Amino acid sequence: MSSTEISADPHAGTLRSPRFWLAPVVVVTAVMAALAALYIGSMINPADNLHRFPVAIVNQDVGDVLPGSDQQRNLGAEITAAVADGVDPAEIDLQQVGISGAISGLDSGRLYGAIVIPSDFTKRTSILAQGSVIPGDIEKPIITVYTNPRTGTFGKGIVESIADRALSTVNTTVGEQLTTTVTDTLATSAPDLQLSGGSRLTLADPIDVRFVEHKPLPDGTGLGLSAFYYTLLLILAGFTGATIVNSLVDSALGFVPTEYGPWYVDRKTAHLSRFRVLLVKWAIMVILGLIVSALYLWIATLLGMPVTRALLLWEYGALAITAVGVTSISVMAVFGSAGLLVNLLIFIILGLPSSGGTVPLEAMPPLYAWLSTFEPMHQVYIATRAILYFDGSGPAGLTRGVLMTLLGLGIGLVLGAVVTRIYDVRGFHRRSDAEPALVPAQDA
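Counting starts from 1 at the beginning of each chain's written sequence and moves along it residue by residue. Local features in this predicted model are restricted to residues of pLDDT 70 or higher, and side-chain atom pairs are both shown and tallied only at a pLDDT of 80 or more, whereas totals for entire chains, interfaces and linings draw on every residue. Excluded from the side-chain calculation are hydrogens and water; included are all heavy atoms of the structure.

**Overview of the overall build of the protein**
Consideration 1: Numbering of helices and strands runs from the N terminus; a helix is a DSSP stretch of H or I covering at least four residues, while a strand is a stretch of E covering at least two. Tallying secondary structure elements over the protein gives 13 helices and nine strands in all.
Consideration 2: The buried share of the protein, reckoned over its 444 residues, is 42%.
Consideration 3: Only heavy atoms enter the contact rule, under which two residues are in contact if any of them lie within 4.5 Å. For the protein, the proportion of contacts with a sequence separation of at least 24, taken over those separated by at least 6, is 77%.
Consideration 4: Calculation of accessible area relied on Shrake-Rupley with a 1.4 Å probe; when residues are assessed, cover is drawn exclusively from the protein chains displayed. Carbon and sulfur atoms make up 64% of the accessible area of the protein, which totals about 23,000 Å². Relative accessibility under 20% of the residue-type maximum defines a buried residue, over 50% an exposed one, and the middle range a partly exposed one, all with a 1.4 Å probe and only protein chains included.

**Some points on the packing of helix 9 (residues 310-335) against helix 12 (residues 376-389)**
Consideration 1: Between helix 9 and helix 12, the least distance of the axes is 10 Å, while the angle of their chain directions is 170°. By the angle class used here, helix 9 and helix 12 are roughly antiparallel. Along the contact surface, helix 9 presents Leu312, Leu313, Tyr316 and Ala320, while helix 12 presents Gln379, Val380, Ala383, Thr384, Ile387 and Leu388.
Consideration 2: Classifying every residue of the contact of helix 9 with helix 12 gives eight nonpolar, two polar and no charged. To get an axis, a line is fitted to the C-alpha atoms, and for a helix only the part in contact is used. The angle between two axes follows their N-to-C directions and goes from 0 to 180 degrees. Here the word oblique covers every angle except those under 35 degrees (roughly parallel), over 145 (roughly antiparallel) and from 65 to 115 (roughly perpendicular). Note on residue classes: Ala, Val, Leu, Ile, Met, Phe, Trp, Tyr, Cys and Pro are nonpolar, Asp, Glu, Lys and Arg are charged, and everything else, Gly too, is polar.

**Comments concerning the pattern of salt bridges**
Consideration 1: Only one rule defines a salt bridge in this text: a Lys or Arg side-chain nitrogen within 4 Å of an Asp or Glu carboxyl oxygen. Taken as a whole, this structure holds eight salt bridges when the rule is applied.
Consideration 2: The salt bridge partner of Arg52 is Asp93, with a shortest N-O separation of 3.4 Å. You can see Arg52 sitting in the loop between helix 1 (18-43) and strand 1 (53-59) and its partner Asp93 sitting in strand 4 (residues 92-96), a full 41 residues away along the chain.
Consideration 3: Under the relative-accessibility criterion, Arg52 is labelled partly exposed at 46%.
Consideration 4: Judged by its relative accessible area of 18%, Asp93 falls in the buried class.

**A short note on the UniProt feature "transmembrane region" (unreviewed entry) in the protein**
Consideration 1: UniProt positions are given in the numbering used here, feature names are shortened, and annotations may be inferred rather than shown by experiment. Within this numbering scheme, the UniProt entry marks residues 20-40, 227-249, 282-305, 317-350 and 402-423 as carrying the feature "transmembrane region" (unreviewed entry).
Consideration 2: Helix makes up 88% of residues 282-305 and strand makes up 0%, while its end C-alpha atoms are separated by 31 Å.
Consideration 3: Within the segment residues 317-350, helix and strand shares are 91% and 0% respectively, and the terminal C-alpha atoms sit 21 Å apart.

**Some remarks on helix 1**
Consideration 1: What a helix should span is 1.5 Å times the count of its residues minus one. In this model helix 1 runs 38 Å from its N-terminal to its C-terminal C-alpha over 26 residues, within 8% of the 38 Å that 1.5 Å per residue would give.
Consideration 2: For helix 1, the elements touching its buried residues are helix 10 (338-349) and helix 11 (366-372).

**Observations regarding the sheet that holds strand 4**
In sheet architecture, strand pairing relies on hydrogen bonds along the backbone and comes in two forms, parallel and antiparallel.
Consideration 1: Strand order in the open sheet formed by five strands is 4-1-5-6-7, with mixed pairing between adjacent strands. With one partner strand each, in any of the chains shown, strand 4 and strand 7 (208-213) form the two edges of the open sheet. Averaged over all adjacent pairs, the angle separating strand axes in this sheet is 20°, with direction ignored.
Consideration 2: This element, helix 2 (residues 75-86), spans strand 1, strand 4, strand 5 (113-117) and strand 6 (142-147) of the sheet and lies at about 165° to strand 1.
Consideration 3: Against the sheet, helix 3 (residues 99-108) makes contact with strand 1, strand 5 and strand 6, and its axis sits at roughly 160° relative to strand 5, the strand it touches most. Here a strand pair is declared whenever DSSP counts at least two bridges between the two strands.

**Remarks on the environment of Gly241**
Consideration 1: Turning to its location among the elements, Gly241 is positioned in helix 7 (residues 226-252).
Consideration 2: The spacing of Gly241 and Met285 is 44 residues in sequence and 7.6 Å in space, taken between C-alpha atoms.
Consideration 3: Discounting residues that sit within four places of it in the chain, Gly241 has contacts with Leu236 and Met285.

**Quick notes on the pairing of strand 1**
Consideration 1: Across the seven residues that make up strand 1, a large majority, six, are buried.
Consideration 2: Here strand 1 pairs with strand 4 via five bridges, running parallel. Bridging from a neighbouring strand, Ala56 pairs with Gln95 of strand 4.
Consideration 3: In this sheet, strand 5 lies alongside strand 1 in parallel orientation, the contact comprising five bridges. The residue bridging Asn59 from the neighbouring strand is Ile117, located in strand 5.

Spelled out as structure tokens, the structure:
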């Protein structure tokens, strides 16, 4: 068949163009490579990436006189100094605070754990040393390591690892000193008396280190992951919801054609400015934010997830969905089809690994901590976590989360309003007043 019998198509050579095939391959490959690098890089070496991981140490020991000595000693202070000397300050932010400061830090999520030395530590150590040669029941001195399950399971594991490593060394050192002290004392005062094998074993391992969860999470929280997954739902509601709203509204107003299976519908384009269309989409996202946030709350409660501040969670959820949705729609209004990629990069690709919802930011490369200062998912996560796990405490992240969410909403509103108004004023309308001319095709 001659090409003159076929209606001319200005894009007839598109399928034969290398660019046509390369563009989607290159874009998808680049996006997937970024996903792999960011996601795997965020969690593959947490121990090697530790930086400024906040842990407190509390010394309440009042001191006592040990056997064989007439001088007051404070083993708690000595252990505190030994632990501080044994950690790298670039990796672990070991904060020497009082018990009230430690509790406040744990309650607000600013601390992942706390090592607490009790007031009678030296006294109990002295009793242990005396009891090794005097019959009777004795107890080892106790050091309690409080973990904070409300900051995530991964953070709890890191605290336990840090404390186990530091206190194992301390235990060995104190055991050697105690054994030497008791042995020397016996050699001087009772040379015929020898330490039994059991006593030597007890003195060699004198400290009872106990790991205790500070305010354990109730059932139904996914071991501290429910806040992260709820955050993910809020972000997806805003991001995915905006994409769907953008497509449906543009289709209904004739800006893009619609396909339903074999049916192809191309409506007449509505004579509406870009700004008016944007306002319509924004209004729909506000309504969706209120509805979907309530739906999430109802489903979570129905499935048994504990929610003590239901009204606050609904309010913040609606705000977060609206902020993400409004900003996503504004980005698509500004960049067109490319806006979908921009939204994917901002809200998903960079957001998930820097959220801090699974691996603590202090156990990731510094890049992720920097991203978390402005990435929307982290702001939504710390606010959601504060509502679900910290009774809506402002210092636990709610204040920062709300302020940053409002800031993001403001940026989305200003970006969309200003740019679409500029497009309208300059005549960049979303309609075509004339059909494209038909150009005869060349003979094959």
